[in-house]
Amino acid sequence: MGVDDTPGSLLVARLTGAGQTLACAESLTAGLVAATVADTPGASVVLLGGVVAYAAQVKTLLLDVPTELIARVGTVDPAVAVAMAEGVRRRLGATWGLSTTGVAGPGPSEGKPAGTVHVAVAGPSGTATRALRLNGTRAEIRSATVDAVLRLAVEETGATRRTPAPPWEPRGTVGLSGHPGRDPAPDHTTPAT
């Protein structure tokens, strides 16, 4: 990839052209997504800010992730990624909200192995999530997570959905939405709230 076609630079260019904004909610990446976006000249036009929500209580207090959800599924779950992305989008008033949550390692956390990661992108037409199973060192897992969420954001910002999809129904090429409390598909879309 050249300097101008990295996922971060593509995202900044696309959002700048559309007059849209971005906010990040990050757990295992601890600000790397926002920093990667900020590496692109002109990022200040689109990047509103971010919340590093490493601890569960920060996810609930600043991003409105339901306490009962975390009590039920833990913090490494697609529903938590969705709530984080939607929460940061709402709280910062951004067009798009990106989130990362997972286990960077080296050992397991919450009974989930290192490399178990969920990313989400919330936007005007809904929220897309992607489950990742990554290998490598902490740094490699975190870097791959940043790349994955930015690639998902590039895909979603270029999506042609024009109206919000009905809840819990099949949609487009992104996949199927899971119902809260059920095992969701690894890659799915839910309506924005």
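For the structure itself, consult the block above.
Quantities reported herein were computed from a predicted structural model and do not represent experimental measurements.

### What to know about the overall build of the protein chain
And then number 1: Summing up its helical and strand segments, the protein chain has 6 helices and 6 strands in all.
And then number 2: Listing each helix as α and each strand as β along the protein chain from the N terminus yields α-β-α-β-α-α-α-β-β-β-α-β.
And then number 3: The buried share among the 193 residues of the protein chain stands at 49%.
And then number 4: Within the protein chain, contacts between residues at least 6 apart in sequence are counted, and of these 61% link residues at least 24 apart.

### A few points about the nonpolar core
Generally speaking, a soluble globular protein has its nonpolar side chains buried in company with each other.
And then number 1: One finds L11, L22, L98 and L150 to be the most contacted residues of the largest nonpolar core, which totals 29 residues.
And then number 2: Mapped by element, the contributors of at least two residues to this core are α1 (7–18), β1 (22–26), α2 (32–38), β3 (96–102), β4 (116–123), β5 (126–133) and α6 (138–157).
And then number 3: In terms of residue count, α6 provides more of this core than any other element does, 8 residues in total.
And then number 4: Grouped together as the second largest cluster of nonpolar side chains are 13 residues, A25, A53, I70 and V88 included.

### Notes on the pairing of β4
And then number 1: Burial of β4 is extensive: 8 of the 8 residues sit out of reach of the surface.
And then number 2: On β4, burial covers both faces: T116, H118, A120 and A122 on one face and V117, V119, V121 and G123 on the other are all buried.
And then number 3: The pairing of β3 with β4 spans 6 bridges and is antiparallel. Each residue of the ladder has a partner; that of S99, found in β4, is A120.
And then number 4: Looking at chain direction, β4 and β5 are connected through 8 bridges and run antiparallel.

### Considerations on helix α5 (residues 78–92)
And then number 1: A rise of 1.5 Å per residue sets the reference length of α5, with its 15 residues, at 21 Å; its end C-alpha atoms lie 21 Å apart and thus fit the reference within 8%.
And then number 2: Within α5, 11 of the 15 residues are buried, leaving the element largely enclosed by the surrounding structure.
And then number 3: Of all the residues in α5, the buried ones are P78, V80, A81, V82, A83, M84, A85, E86, G87, V88 and R89.
And then number 4: Measuring from the backbone nitrogen of A79 back to the side-chain oxygen at the start of α5 gives 2.9 Å, which picks out D77 as the cap.
And then number 5: Positive phi shows up at G93, right after α5, with a value of about 70°.

### Examining unusual backbone geometry
And then number 1: Here the amide bond leading from G105 into P106 is cis, since omega sits at 15°, within 30 degrees of zero.
And then number 2: Mapped onto the elements of the fold, P106 is located in the loop between β3 and β4.
And then number 3: With a phi close to 65°, D64 is a non-glycine residue in the positive phi region.
And then number 4: Along the chain, D64 turns up in the loop between α3 (56–63) and α4 (67–73).
And then number 5: You can call D64 partly exposed: its relative accessible area is 33%.
And then number 6: Phi at E110 takes a positive value of approximately 55°, unusual for a residue other than glycine.
And then number 7: In this structure E110 comes out as partly exposed when scored by relative accessible area, which is 43%.

### Observations regarding the packing of α3 against α5
And then number 1: Between α3 and α5, the shortest axis-to-axis distance is 9 Å and the interhelical angle comes to 40°. Taken together, the axes of α3 and α5 lie oblique to each other. Here the hand of the crossing between α3 and α5 comes out left-handed. Across from K59, L61, L62 and L63 in α3, the residues of α5 making contact are V80, A83, M84, G87, V88, R90 and R91.
And then number 2: Across the contact of α3 with α5, the residue classes tally to 7 nonpolar, 1 polar and 3 charged.

### Some details on the side chain of T21
And then number 1: With respect to the element layout, T21 can be found in the loop between α1 and β1.
And then number 2: A polar side-chain atom of T21 sits 3.0 Å from the main-chain amide nitrogen of T95.
And then number 3: Leaving out residues up to four positions away in the same chain, T21 has contacts with L15, V45, V46, L48, G93, A94, T95 and W96.

Criteria and thresholds
Residues numbered from 1 in each chain as written. Predicted model: local features only at pLDDT ≥ 70, side-chain atom pairs only at ≥ 80, totals over all residues. Heavy atoms only, no water. Helix = DSSP H or I, 4+ residues; strand = E, 2+ residues; numbered from the N terminus. Buried < 20%, exposed > 50% of the residue type's maximum accessible area, 1.4 Å probe, protein only. Contact = heavy atoms within 4.5 Å. Core = buried A, V, L, I, M, F, W, Y, C linked by side-chain atoms within 4.5 Å. Pairing = 2+ DSSP bridges. Expected span 1.5 Å × (residues − 1). Polar contact = N/O pair within 3.5 Å; in protein donor to acceptor, adjacent residues only side chain to side chain. Axes fitted to C-alpha atoms, helices over the stretch in contact; angles between N-to-C directions. Parallel < 35°, antiparallel > 145°, perpendicular 65-115°, else oblique. Left-handed = near helix turned anticlockwise from the far one by under 90°. Nonpolar A, V, L, I, M, F, W, Y, C, P; charged D, E, K, R; others polar.

Keep in mind that these numbers describe shape and distance, not what the molecule does.
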